[in-house]
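Working through the structure, step by step
Take a look at the letters that make up each chain.
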Amino acid sequence: MDDAMLRMAATHGGVVTTAAARALGWDKRALREAVRSGALHDLGRSLYVVPTPDLQTTEGKHKALCRGGLLLYPDAVLSRTSAVLAHELPVHGVDLSRVWLQRAVTSEVITQSFVIRPKTDATVCSTDLGSATTPALAIIQMTLDHGIVAGVVAADQALHTAKITSEELRRVAGTVSGWPHSARVTTMLSLMDGRSESVGESRLRIDLSVAGIPVIPQQVVLDNEKCFVARVDFGVEGTNVLIEFDGLVKYREGGANTLIAEKAREDRLRRLGYVIVRVTWAELQRPQLVLFRIRQAMADAAGARGPAA
């Protein structure tokens with residue numbers, strides 16, 4: 001591509017519209033040729049983007065579409081799931097095939113790439129992707145649309161990173177009281193916990209809470225002399241059972257030394273009388289098995305001597 005087009009794309013995160021390309025002398029034939037050669041990727045009607053590795057992911061493509069939507073509709077604001085992603089929060093288990101926008105329309109408009117709803121008087125924030133509704137409102141909206149798991153995962157991370165407070169979420173939740181699916185929001189508020197540090201931990205904690213197994217996130221374990229031994233993902237209240245979620249990232253990054261240190265840490269916990277249950281991403285797809293293992297560990301711990309967790 002020529003320098004003018006590259007500069008144009010760079011100012012909008014790699015995204016260009018057909019109209020902008022035409023202003024630089026690029027007709028439809030030139031754009032088709034750029035797509036065939038791999039210099040551009042066709043995002044959808046009237047939108048192109050300079051290819052990057054991020055486009056190979058669902059979230060990366062959605063972010064590019066967010067930028068494109070704000071270029072096509074200068075009066076628009078990112079909302080709902082798209083606003084959650086714009087605020088760098090997880091959008092676990094959510095359909096990202098369309099971007100959610102608010103703009104000056106009188107009724108909902110759905111296109112191949114966008115869902116456009118009438119603009120509200122909600123507060124607007126600036127993000128790396130462009131203007132978006134606040135994190136609290138976006139999380140509440142996503143919970144209404146996609147349920148408690150998506151809402152809790154996003155809320156946990158937002159609380160953990162101090163992007164919002166629980167008071168903000170509760171205040172915004174009050175504005176949707178009585179709406180269809182507002183019970184999802186009520187449940188999400190009761191389950192959210194900013195102590196969880198990852199999507200996997202949030203997912204696991206939801207399953208445990210729904211199953212009636214009360215846990216303490218990020219439990220600190222002390223030895224008999226009250227000296228620090230470890231901080232674990234979860235402790236089951238009133239028992240010697242500890243639960244660790246294995247996301248595997250720390251092992252890939254730390255290598256053999258991390259594995260050795262983790263084994264030594266776990267051995268010390270076992271010597272102190274704790275029963276440890278490890279849960280992986282794959283096992284989250286089989287919650288009944290996970291719950292069986294944890295309940296079995298609770299039974300084993302109840303029948304053995306050891307300090308109370």
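These lines cover the structure that appears in this document, whether it is placed above or below. Everything numeric here is computed off the predicted structure, so don't read it as measured data. (Residues numbered from 1 in each chain as written. Predicted model: local features only at pLDDT ≥ 70, side-chain atom pairs only at ≥ 80, totals over all residues. Heavy atoms only, no water.)

Remarks on the overall build of the chain
- Of regular secondary structure, the chain possesses 13 helices and 13 strands.
- Dimensions of the chain along its principal axes, counting C-alpha atoms only, are 80 × 50 × 30 Å.
- Looking at the chain as a whole, 46% of its 309 residues qualify as buried.
- Restricting to contacts in the chain with at least 6 residues of sequence separation, those with at least 24 account for 57%.
- Roughly 15700 Å² of accessible area belongs to the chain as shown, and the carbon and sulfur atoms make up 52% of that amount. (Helix = DSSP H or I, 4+ residues; strand = E, 2+ residues; numbered from the N terminus. Buried < 20%, exposed > 50% of the residue type's maximum accessible area, 1.4 Å probe, protein only. Contact = heavy atoms within 4.5 Å. Areas by Shrake-Rupley, 256 points an atom, 1.4 Å probe, with all protein chains shown as cover.)

Let's talk about the packing of helix α6 (residues 135–146) against helix α7 (residues 148–160)
- Following both chains from N to C, one finds α6 and α7 inclined at 160°, their axes separated by 7 Å at the closest point. Relative to α7, the element α6 is oriented roughly antiparallel. Helix-helix and strand crossings are classified by hand; for α6 and α7 the assignment is right-handed. Here α6 contributes I139, M142, T143 and H146 to the contact with α7, which in turn contributes I148, A150, G151, A154, A155 and A158. (Axes fitted to C-alpha atoms, helices over the stretch in contact; angles between N-to-C directions. Parallel < 35°, antiparallel > 145°, perpendicular 65-115°, else oblique. Left-handed = near helix turned anticlockwise from the far one by under 90°.)

A look at helix α4 (residues 58–72)
- Over its 15 residues, α4 runs 21 Å from end to end, which matches the ideal 21 Å to within 8%, given 1.5 Å per residue.
- Among all positions in α4, only G60, H62, A64, L65, C66, G68, G69 and L70 are buried. (Expected span 1.5 Å × (residues − 1).)

Brief notes about a nonpolar patch on the surface
- A surface patch of nonpolar side chains, about 280 Å² in accessible area, is lined by V220, L222 and F228.
- Structurally, L222 can be placed in strand β10 (residues 215–222).
- On the accessibility criterion, L222 (37% relative accessible area) is partly exposed. (Patch = residues over 30% accessible without salt bridge, like charges linked within 9 Å, V, L, I, M, F, W, Y side chains within 5 Å. Salt bridge = Lys/Arg side-chain N within 4 Å of Asp/Glu carboxyl O.)

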